[in-house]
Amino acid sequence: MTYAAITLAKVAPDYRDTALQNIMKIKQVSLSNGASRVRVAAMQSGSNVGQLMMVQFFDSMADAESVYDAFAEDPTYAETMQSGKFEITRRGLMKTHMEVGDFSSSEKLKYLSLTIGTANGPQLDAITKFANVLTANGAVTAAYGSVFVGDYADGKTHIFGATYPSLSAMQSAYDAVLEDGAAPQLYKVVSVQRRQLLRLLD
């Protein structure tokens, strides 16, 4: 089992370019101090359009602690937090139950679809089938986990994310899960609360 931290931040328009430069530096600090993988993205839908998101993956909670200890000592992180133009609006931690696809792919990934749902238990059989159909029909990677720290840590909220090289690839993948029956089967056991589209920036 691995872990993921999802951080959402609101940025003042006149600070956005600086914030992005700083976040890319902070990403490297994260990778150098324990994160196994980090992605940076911008919200393209929902009520938080324009906000920035960082998703960090860890092999253990000790690795997560090491990263956040490094952040506390990092001058770029401090500069960003103290700018008055960068506000973290939400952060949560999830236990990752499943990862499928080619995470080492050199293919340029442009989009992340992030779905939040509720269910009594992880429902791994239905989720795994759904993910396998997506990655066979356009998605490059998929990951799924349960929130255990943060606003959605209620024991029933789960997050599913998939990456795509294009919007047409995402459409092909979702058409496939509908035709295959994987989506209707999943929706019988998981109640989708929201699905957001993000543009990957790294």
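The paragraphs below set out a description of the structure included in this document. (Residues numbered from 1 in each chain as written. Predicted model: local features only at pLDDT ≥ 70, side-chain atom pairs only at ≥ 80, totals over all residues. Heavy atoms only, no water.)

What about the packing of aromatic side chains?
- According to the stated counting rule, one finds five aromatic pairs in the structure shown.
- Ring geometry for Y3 versus F148: centroids 6.0 Å apart, planes at 65°, classification edge-to-face. Within this pair, whereas Y3 is found in strand β1 (residues 2-11), its partner F148 is found in strand β6 (residues 141-149), the two being separated by 145 residues in sequence.
- One aromatic cluster is present, formed by Y68, F71 and Y77 through successive ring pairs.
- The positively charged end of R37 is found above the aromatic ring belonging to F57, 4.0 Å away from the centroid.
- Over the face of the ring belonging to F148 we find K95, whose NZ or CZ atom lies 5.4 Å from the ring centre. (Phe/Tyr/Trp six-rings, centres within 6.5 Å; stacked < 30°, edge-to-face > 60°. Helix = DSSP H or I, 4+ residues; strand = E, 2+ residues; numbered from the N terminus. Lys NZ or Arg CZ within 6 Å of the ring centre and 35° of its normal.)

A word on the sheet that holds strand β8 (residues 191-200)
- Strand order in this closed barrel of eight strands is β1-β3-β2-β8-β5-β7-β6-β4, and the pairing throughout is antiparallel. With direction set aside, neighbouring strand axes in the sheet form an average angle of 35°.
- In terms of strand pairing, strand β2 (residues 35-43) meets β8 through three bridges, oriented antiparallel. For A42, the partnering residue across the bridge sits in β8 and is R199. (Pairing = 2+ DSSP bridges. Axes fitted to C-alpha atoms, helices over the stretch in contact; angles between N-to-C directions.)

Some points on the pairing of strand β4 (residues 86-101)
- Bridging between β1 and β4 involves ten bridges; their strand directions are antiparallel. What sits directly across from A4, in β4, is M94.
- Of the pairings in the sheet, the one linking β4 to β6 comprises eight bridges and is antiparallel in character. The partner of T96 across the bridge, within β6, is G145.

Quick word on a nonpolar patch on the surface
- A cluster of nonpolar side chains, contributed by M61, F148 and V149, occupies part of the molecular surface with about 210 Å² of accessible area.
- As for its placement among the helices and strands, V149 is situated in strand β6.
- Since its relative accessible area comes to 37%, V149 is described here as partly exposed. (Patch = residues over 30% accessible without salt bridge, like charges linked within 9 Å, V, L, I, M, F, W, Y side chains within 5 Å. Areas by Shrake-Rupley, 256 points an atom, 1.4 Å probe, with all protein chains shown as cover. Salt bridge = Lys/Arg side-chain N within 4 Å of Asp/Glu carboxyl O. Buried < 20%, exposed > 50% of the residue type's maximum accessible area, 1.4 Å probe, protein only.)

Here's the deal with the packing of helix α1 (residues 16-32) against helix α2 (residues 61-73)
- Where α1 contacts α2, the axes come no closer than 8 Å and their chain directions differ by 135°. As judged from the angle between their axes, α1 and α2 are oblique. Once α1 is placed against α2, the crossing between them reads as right-handed. Counted together, I26, V29 and S30 of α1 and V67, A70 and F71 of α2 form the full contact between these two elements.
- For the contact of α1 with α2, the class distribution of residues is five nonpolar, one polar and no charged. (Parallel < 35°, antiparallel > 145°, perpendicular 65-115°, else oblique. Left-handed = near helix turned anticlockwise from the far one by under 90°. Contact = heavy atoms within 4.5 Å. Nonpolar A, V, L, I, M, F, W, Y, C, P; charged D, E, K, R; others polar.)

Brief notes about the pattern of salt bridges
- As enumerated under the stated definition, the model contains six salt bridges in all.
- Across the salt bridge formed by D202 and K27, the nearest N and O atoms sit 2.7 Å from each other. Placement of the pair is D202 in the segment after β8 and K27 in helix α1, with a sequence separation of 175 residues.
- Residue K27 is classed as buried on the basis of its relative accessible area, which comes to 13%.

Thoughts on unusual backbone geometry
- With a phi angle near 55°, Q123 is a residue other than glycine that sits in the positive phi range.
- Within the secondary structure, Q123 sits in the loop between β5 (111-118) and α4 (124-136).
- Classification of Q123 as partly exposed rests on a relative accessible area of 28%.

Re the packing of α4 against helix α5 (residues 167-180)
- Following both chains from N to C, one finds α4 and α5 inclined at 130°, their axes separated by 8 Å at the closest point. The angle between α4 and α5 places the two elements in the oblique class. The element α4 and its partner α5 pack so that their crossing is right-handed. Across the interface between the two elements, K129, F130, V133 and L134 from α4 touch A173, Y174, A176, V177 and D180 from α5.

Some remarks on the nonpolar core
- Within the largest apolar cluster, 25 residues are counted, with the highest numbers of intra-cluster contacts made by F130, L134, F160, Y164 and V177.
- Every element with two or more residues in this core is listed here: β4, α4, β6, β7 (157-164), α5 and α6 (182-187).
- Counting 22 residues, the second largest nonpolar core, distinct from the first, contains A5, I23, A35 and V67. (Core = buried A, V, L, I, M, F, W, Y, C linked by side-chain atoms within 4.5 Å.)

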